[in-house]
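# Summary of the model geometry
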Amino acid sequence: QVQLVESGGELVQAAGSLRLSCAASGRSFSSYPMGWFRQAPGKEREFVAAITWNGGSTYYADSVKGRFTISRDNAKNTVYLQMNSLKPEDTAVYYCAAKTSPKYVINWYENRESFDYWGQGTQVTVSS
């Protein structure tokens, strides 16, 4: 079992920055990849960023590439999402997710079904 708790979401002006955190507990955090997804009202949950177990590889959606950075601190059991140059279209509930299953498919990081544990989400609102 893995428990995930996100924090850091808030109301911010366009062009501003936020850092989201996701604290994990349960199974060994350093052994599995982590991801961030988001869901805007009326839209499906979409991939934002992912990171491998040791931080050696990171993946980003085209819409956030160059603006967002995913990182992890395995000593603190925490994954982060640094969000810069925020836009109103970044407004959404942001979820972190853990991939503990050993099964991998092509572009696994973009696939919600690859992740088997999810947090409750944190709201990010970007005003114009």
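Before going into details, it helps to say that this report is about the structure given with it. (Residues numbered from 1 in each chain as written. Predicted model: local features only at pLDDT ≥ 70, side-chain atom pairs only at ≥ 80, totals over all residues. Heavy atoms only, no water.)

## Section: the packing of aromatic side chains
Rules: Between the rings of Phe, Tyr and Trp (Trp by its six-membered ring), a pair exists once the centres lie within 6.5 Å; its type follows the angle of the planes, with under 30 degrees stacked, over 60 edge-to-face, and the other angles tilted. Per-residue accessibility, obtained with a 1.4 Å probe over protein chains only, is compared with the maximum for each type, and a residue is labelled buried under 20%, exposed over 50%, and partly exposed between these values. Only when the NZ of Lys or the CZ of Arg is both within 6 Å of the ring centre and within 35 degrees of the ring normal is a charge said to sit over the ring.
Scanning all chains against the criterion turns up eleven aromatic pairs. Centre to centre, the rings of Tyr104 and Trp108 are 5.5 Å apart; their planes meet at 85 degrees, and the pair counts as edge-to-face. Accessibility expressed as a relative area gives 45% for Tyr104, which makes it partly exposed. Each residue in the set Phe37, Phe47, Tyr59, Tyr104, Trp108, Tyr109, Phe115 and Trp118 is aromatic and connected to the rest through ring pairs, giving one cluster. Cation over ring: Arg45 sits above Tyr95, and NZ or CZ is 3.6 Å from the ring centre.

## A look at the side chain of Arg72
In plain terms, the rule: Going along the chain from the N terminus, every DSSP run of H or I of four or more residues is numbered as a helix, and every run of E of two or more is numbered as a strand. We score Asp and Glu as negative and Lys and Arg as positive, and we do not count His or the chain ends. One side-chain nitrogen of Lys or Arg within 4 Å of one carboxyl oxygen of Asp or Glu is enough to make a salt bridge. Polar contact criterion, stated in full: a pair of N or O atoms within 3.5 Å, where within protein one must be able to donate a hydrogen and the other to accept it, and residues adjacent in sequence count only if both atoms are side-chain atoms.
When you line up the elements, Arg72 lands in strand E7 (residues 68–73). Put simply, Arg72 is tucked away with no salt bridge, and the nearest opposite charge, on Asp73, sits 8.3 Å away. Polar contacts involving the side chain of Arg72 include one to the main-chain carbonyl oxygen of Thr52, which spans 2.9 Å. Within the structure, the side chain of Arg72 is placed 2.8 Å from the side chain of Asn74, a separation counted as a polar contact.

## Focus on the sheet that holds strand E8 (residues 78–83)
Applicable threshold: Criterion used throughout: strands pair if DSSP finds at least two bridges between them. Only C-alpha atoms enter the line fits that serve as axes; for helices the fit covers just the stretch in contact. Angles between N-to-C directions range over 0 to 180 degrees.
The four strands lie next to each other as E1-E3-E8-E7, forming an open sheet whose pairing is antiparallel. Looking at the sheet topology across the chains shown, the edges are occupied by strand E1 (2–7) and E7. For this sheet, the mean inter-axis angle between neighbouring strands, taken without regard to orientation, is 15 degrees. Note that strand E3 (residues 18–26) and E8 share six bridges and pair antiparallel. The residue bridging Leu20 from the neighbouring strand is Leu81, located in E8.

## Digging into unusual backbone geometry
The backbone phi angle of Ala15 is positive, close to 80 degrees, even though this residue is not glycine. Tracing the backbone shows Ala15 in the loop between strand E2 (11–13) and E3. Of note, the phi angle at Ser85 is positive, near 50 degrees, even though the residue is not glycine. Residue class for Ser85 comes out partly exposed when judged on its relative accessible area of 40%.

## A look at the pattern of salt bridges
Counting across every chain of the model gives five salt bridges. Between Arg38 and Glu46 there is a salt bridge, with its nearest N and O atoms 2.7 Å apart. The partner of Lys65 in a salt bridge is Asp62, with the nearest N and O atoms 3.2 Å apart. Accessibility expressed as a relative area gives 67% for Asp62, which makes it exposed. Each of Arg38, Glu46, Arg67 and Asp90 takes part in a single network of salt bridges with overlapping partners.

It is worth stressing that arrangement in space is one thing and function is another; only the former is reported here.
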